Amino acid sequence: MCDLSIEMIKKLDNHYGHKIQFIAISASNFTNNHNQKTYSLLDYENDLKFASLNEKLLKIRDKYGVDIIKYGNEIS
């Protein structure tokens, strides 16, 4: 995790002549029943595609019933 933090700071720091005064690192991994996928800033574009697909699947399941489409983690 430390290497990733240093790499991201180097990538995002565009004020090379200024000193860094404060660094905050936050992590979360919260999910709910409808959304069991957590999202990452590192894979933002792929996560947007996944979120869109997941919303469409939820609409289909709400309209036709949960048994119409099964997720891989659901026991049959």
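Residues numbered from 1 in each chain as written. Predicted model: local features only at pLDDT ≥ 70, side-chain atom pairs only at ≥ 80, totals over all residues. Heavy atoms only, no water.

- You'll find the protein entered in an unreviewed UniProt entry as DNA polymerase IV, with Arcobacter ellisii given as the organism.

What about a nonpolar patch on the surface?
- Taken together, Ile20, Ile23 and Ile25 make up a surface patch of nonpolar side chains, about 300 Å² in accessible area.
- In this structure, isoleucine 20 sits in the loop between α1 (2-12) and α2 (44-64). (Patch = residues over 30% accessible without salt bridge, like charges linked within 9 Å, V, L, I, M, F, W, Y side chains within 5 Å. Areas by Shrake-Rupley, 256 points an atom, 1.4 Å probe, with all protein chains shown as cover. Salt bridge = Lys/Arg side-chain N within 4 Å of Asp/Glu carboxyl O. Helix = DSSP H or I, 4+ residues; strand = E, 2+ residues; numbered from the N terminus.)

Quick notes on the pattern of salt bridges
- Taken as a whole, this structure holds 1 salt bridge when the rule is applied.
- Notably, a salt bridge pairs aspartate 67 with lysine 70, separated by 3.3 Å at the nearest N-O pair.
- Of the residues examined, aspartate 67 reaches a relative accessible area of 59% and is grouped as exposed.
- Look at lysine 70 and you get partly exposed, because its relative accessible area is 44%. (Buried < 20%, exposed > 50% of the residue type's maximum accessible area, 1.4 Å probe, protein only.)

With respect to α2
- Its 21 residues give α2 an end-to-end C-alpha distance of 30 Å, which sits within 8% of 30 Å, the value for a rise of 1.5 Å per residue.
- If you check which residues of α2 are buried, you get Asp47, Asn54, Leu57, Leu58 and Arg61. Along the long axis of α2, the arc covered by the buried residues comes to 105 degrees, so they all point the same way. Exposed positions of α2 whose direction lies more than 90 degrees from the buried face are Glu45, Lys49, Lys56, Lys59, Lys63 and Tyr64.
- Once α2 ends, the next one or two residues include glycine 65, with phi positive near 105 degrees. (Expected span 1.5 Å × (residues − 1). Arc of directions from axis to C-beta.)

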